[in-house]
Amino acid sequence: MMALAETGFDLVLCAMIATTALLAIGVRDQFGAVVLFVVYSVFLGLGWLRLGALDIALAEVALGAGLTGLLLFGAHARLPASVPVPSGRAVWPAACAAGGSGLALGWAFLTLPEPVGLQEAVAANLGTSGVENPVTAVLLNFRSWDTLIESIVLLAALIGVWSVARDDAWGGQPGLRQHARHGGVLANFGRLLPPIGFMIGVYLFWAGSSKPGGAFQAGTVLAAVALVVFMGGAMRPPLVTARWLRLVCVAGPAVFLAVGLTGAASGVFLGLRPDLAKPLILAIEAVLTFSIAASLALSVIGPPEDPEDHV
Amino acid sequence: MTDPTFYGLCGAVVVGTGIYGFVLHTHILRRLLSFNVIGSGIFLMLGAAGSLGPDTAADPVAQALIITGIVVALSATALGLALLVAYARASGSPRLPEDANDDP
Amino acid sequence: MTLVLATIVGLPFAAAMLAVIFGRYGGPLAAAAVAGVAVATAALIVIVAEGQPVTIDVAGWPAPLGITLEADGLACGFLAMATLVMSGVVAQGRAYFYNTGPERRATWAFWPLALLLWAAINAIFLSRDLFNLYVGLELMTLCAVALVAIEGKAETLAAALRYMLVALIGSLLYLLGVVLLYSAHGVLDIGLIAARVTAPTDILAAALMTAGLAAKMALFPFHAWLPPAHSGAPAPASAMLSALVPKAAFVILMRLWLEAVPDLSAASLLALFGTLGTAAILHGGVMALRQNRLKLVIAYSTVSQIGYLLLVFPLAGGASAAQPGAADAWKGVVFHALSHGLAKAAMFLCAGLWMASVGHDRLEGLRGQARATPITAFAFGLAAIALIGLPPSGGFTAKYLMLTSALASGQLIWAVVLLLGGLLTAAYLYRPLAMIFAKADAAPVAVSRSQQAVPLLLAGTAILLGIASSGPFELFQIGSPWADIEGLE
């Protein structure tokens, strides 16, 4: 009976995920599409919970729903108003491409051979990895090379975002000037939320070594805190040329790389000696959390846009 | 016990839906949104396949790959949207020139 | 050895991070990184030339749990080419993106983007892990897109967005293939994939990855984004975009079909690769003939030259269709990729110099540049020799090896394509060459002699690759699927 109820729940959830995805794609209104995308991501986060992947659920809701949603809303607001028009392209070729790929992938998924995941290999080596959360062990130790490059991808995206600034705005503050109404909801949020958000962020970072969480989830929460502070008008973002700001963005990948190269000098690139693995991973994650938070928040705020900000 | 097969098939459907949007739309914001939908569908397939195994815990390597993928997709979205905003400011259109005749 | 490989990927990363913080010192930082990586690459080549590839397990975890980096002969060749191209990019970039006074947008952004692009490409040349290759590809793509957009004009922003949309779909297709392979086999390492038991989903996975990589390397018919993107970027960026970026995707494609899943390559599939390559050679060549701007000629030439790379698949064959000339095809295509990279980077740098002196790159405006900038014109001429494949250039060695391979396996059709492609290349390069070397008085130029000499280094190396081909010939064999087979030379 219980099993039946659970199966029913899964079916309904999958239906909701697929439906919201379709609506986010198909709805005419652009703003509505972004809202539906956020709803879709939240449902997807629930799906990850059902699959027992709490780390992904956190990442999906924070990054997929939260920050991607904010990015899309921000871009929507800055784009010239575009009357929703039906696409000039024919629907049928697109529908055929979609149907064909969906069917092929569905077939592939059902045809996959007996799975041979790496659960056992991870479990066998977790003891010397320095952390108890297997996902963190993979991210910060077993496949740390991926994670190092990934943290640099975030940095590269920020450089790219800044590189499309207006020439005459360079040197100013990132983003458009925010005009939160004094005493308005956002302004109050801007005062109330940061301490709470900060605590959640620190908790997620700390929990990451043993329980779900970690640098990326914690960094996202801290980025959200920073965004609330800047958007609520409680503070103005620092200048793009501020050296300390760039140092914060770079510090995480830099410390990560430095640990990697130190390891290389003693024989193993990115190698973490088992007895030092825990403090090293914690140190990398701590710095990385702040760098991720800064890069994410600045990527969402966007390049400097106000020429009169020039100092 | 959750049956991951539902989620794997749901992922396939979501990927197809995203491809539909990417092919159909000319507005670049909608295409970037579709890109995100396709990406998350792929991750759903990977995650579902990673928890098909006999033991209940999901494959931590698959989970780590997915988290990496989510961060990468977000980075690409951030850059794409920044380019779009700059392009729309310079050209007045949120569509590529070859698609511009779709503008009203 | 670990330190050597770590330097090759780590030093450009470190320099990029410093260049983010110290915006005004991007040029010197990049120069220092090039010098350091050049030393490390030279050391690596000396070690690998002894006969064995260098392999390290990153973080000390062997595959399947960890990620393996391997420097085989092929990786050494591409790493050396990338270092040379970057030295040219840095030398010319310092004239383009030189900061005097307060920091400016483009002069700040160029250096970290260029360094990160290079680091990503080095990482791709060395990685044996299919997902790690995905992360590397994404880093490369984001930097490349931002470099295309760096001028900030509406056309270049459109070119960057068009490129990005194609590249993003390419990434997703590649990722989808990786996901299917990992879900079926639980491994991501190329060597372990090769040792797997074939699953029915593998062919779909390989097809998806191939389509994704084809989009990233602008293979016909996914090439439409390339000419506006490569011709719209500043010359030093164009040099990187055309010489290095498609090669990174190609190296993955080659490792996929010839090292990871050779068992999947059926004769019909290999013929399809050859046909697509032929279509690219012909279409790109004909389009290059019809352009009136030098940078567009060079960009369409890239579309055409990428087609040659695809001929390696029918010439080498897979496990089920192995060809007698496979080892030569492998080495020939590496020669081609390296020679093209060097020659194409040299050409874009020449175009950059002429744009700086003439103010545009319309072909008729280049009349008489050989008199005004003799060193640059000489470099362009050498690059053209390498691109057409005339002796004694590296391009000739490449064509010779690929022709030998085609004849050895009796696949005359690809030999004809090779010869036809060479004629087409000569035809579309004739017009710019004729203009440049025409007897006419050009206005004196404001480009220093040392700047003029930068492309000469690259074009000269492309020629040298043919004159001293025996060393690279031995090197490219090391660690290849045909490491034990004697060449036909």
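For clarity, every value in this text was computed on a predicted model and none was experimentally measured. (Residues numbered from 1 in each chain as written. Chains lettered and ligands numbered in written order. Predicted model: local features only at pLDDT ≥ 70, side-chain atom pairs only at ≥ 80, totals over all residues.)

**Brief notes about unusual backbone geometry**
Residues and elements named next belong to chain C. To keep it simple, the criterion reads: Under the DSSP-based scheme used, a helix requires at least four consecutive residues in state H or I and a strand at least two consecutive residues in state E, with every element numbered from the N terminus.
Note the cis peptide between Phe-220 and Pro-221, where omega equals 5 degrees. Checked against the element boundaries, Pro-221 lands in the loop between α8 (202–216) and α9 (226–232). For the peptide bond that leads from Pro-391 to Pro-392, omega is 5 degrees, which places it in the cis range. With respect to the secondary-structure elements, Pro-392 resides in the loop between α17 (374–388) and α18 (394–408). Residue Ala-218 is not a glycine yet carries a positive backbone phi of 60 degrees. If you trace the backbone, Ala-218 turns up in the loop between α8 and α9.

**Digging into helix α15 (residues 326–358) of chain C**
Residues and elements named next belong to chain C. Filter applied, for reference: One less than the residue count of a helix, multiplied by 1.5 Å, gives the span that helix is expected to have. For every residue, the other C-beta atoms within 10 Å of its own C-beta are counted; 20 or more classify it as buried, 12 or fewer as exposed, and values in between as partly exposed. C-beta atoms are placed from the backbone.
Taking 1.5 Å per residue as the helical rise, α15 with its 33 residues ought to reach 48 Å, and the 47 Å between its terminal C-alpha atoms agrees with that figure. Across the 33 residues of α15, 30 count as buried, placing the element largely inside the fold. The positive-phi residue at the C-terminal boundary of α15 is Gly-359, with phi of around 95 degrees.

**Observations regarding the domain arrangement of chain A**
Residues and elements named next belong to chain A. Cut-off, in case you're wondering: Note that the domain bounds were set by an automatic or database domain assignment. Here, residues touch in the contact sense if the C-beta positions derived from the backbone fall within 7 Å of one another. Think of it as three bins: nonpolar holds Ala, Val, Leu, Ile, Met, Phe, Trp, Tyr, Cys and Pro, charged holds Asp, Glu, Lys and Arg, and polar takes everything else, Gly as well.
Taken domain by domain, chain A consists of domain 1 (7–78) and domain 2 (132–311). Of note, the centres of domain 1 and domain 2, computed from C-alpha atoms alone, are 23 Å apart. Of the residues lining the interface, 11 residues belong to domain 1; the matching set on domain 2 comes to 14 residues. Class assignment for the residues of the side of domain 1 that touches domain 2 results in eight nonpolar, two polar and one charged.

**Considerations on the interface of chain A and chain C**
Facing 51 residues of chain A, the contacting portion of chain C comprises 50 residues. The set of elements that each furnish at least two residues to the side of chain A that touches chain C consists of α4 (91–111), α5 (119–125), α6 (134–142), α7 (144–163) and α10 (243–265) of chain A. When residues of the side of chain A that touches chain C are assigned to their parent elements, the largest contribution, 13 residues, is made by α7 of chain A. Grouping the amino acids of the side of chain A that touches chain C by side-chain chemistry returns 33 nonpolar, 12 polar and six charged.

**A few points about the packing of α7 of chain A against helix α3 (residues 60–91) of chain B**
The test is simple: Inter-axis angles, ranging from 0 to 180 degrees, are taken between N-to-C directions of lines fitted to C-alpha atoms, where helices are fitted over the stretch in contact. When describing relative orientation, an angle under 35 degrees is termed roughly parallel and one over 145 degrees roughly antiparallel, while 65 to 115 degrees is termed roughly perpendicular and anything else oblique.
Orientation of α7 of chain A relative to α3 of chain B, taken along the N-to-C sense of each, is 10 degrees, at an axis distance of 9 Å. On the basis of the axis angle, α7 of chain A is roughly parallel to α3 of chain B. Counted together, Asp-146, Thr-147, Glu-150, Val-153, Leu-154, Ala-157, Gly-160 and Val-161 of chain A of α7 of chain A and Thr-68, Val-71, Val-72, Ser-75, Ala-78, Leu-79 and Ala-82 of chain B of α3 of chain B form the full contact between these two elements. A breakdown of the residues in the contact of α7 of chain A with α3 of chain B according to their chemical character gives nine nonpolar, four polar and two charged.

**Re the packing of α7 of chain A against α10 of chain A**
Residue and element names in this part refer to chain A. For the record, the criterion: Helix crossings fall into two classes, left-handed where the near helix is turned counterclockwise from the far one by less than a right angle and right-handed where it is turned clockwise.
At a closest axis distance of 10 Å, the pairing of α7 and α10 adopts a crossing angle of 150 degrees. One way to sum up the angle between α7 and α10 is to call them roughly antiparallel. In the packing of α7 onto α10, the handedness of the crossing is left-handed. Taken together, the residues of α10 that come into contact with α7 (itself represented by Leu-148, Ser-151, Ile-152, Leu-155 and Leu-158) are Cys-249, Val-250, Gly-252, Pro-253, Phe-256, Leu-257 and Gly-260.

**Description of the interface of chain A and chain B**
Taken together, the contact between chain A and chain B spans 79 residues of the former and 73 residues of the latter. Considering each element in turn, the side of chain A that touches chain B owes the most residues, 13 residues, to helix α3 (residues 54–78) of chain A. Of the residues in the side of chain A that touches chain B, the class split is 49 nonpolar, 20 polar and 10 charged.

**A look at the environment of Ile-70 of chain B**
Inspection of the secondary structure assignment puts Ile-70 of chain B in helix α3. Each residue touching Ile-70 of chain B, except ones within four places of it in the same chain, is listed here: Ala-59, Glu-60, Leu-63 and Gly-64 of chain A together with Phe-43 of chain B.

**What to know about the environment of Ala-223 of chain A**
Residue and element names in this part refer to chain A. Take Ala-223: it is sitting in helix α9 (residues 215–231). When the C-alpha positions of Ala-223 and Gly-263 are compared, they lie 30 Å apart, and in sequence the two are 40 residues distant. Dropping the residues within four chain positions of it, Ala-223 is found in contact with Leu-67, Ala-293, Leu-296 and Ala-297.

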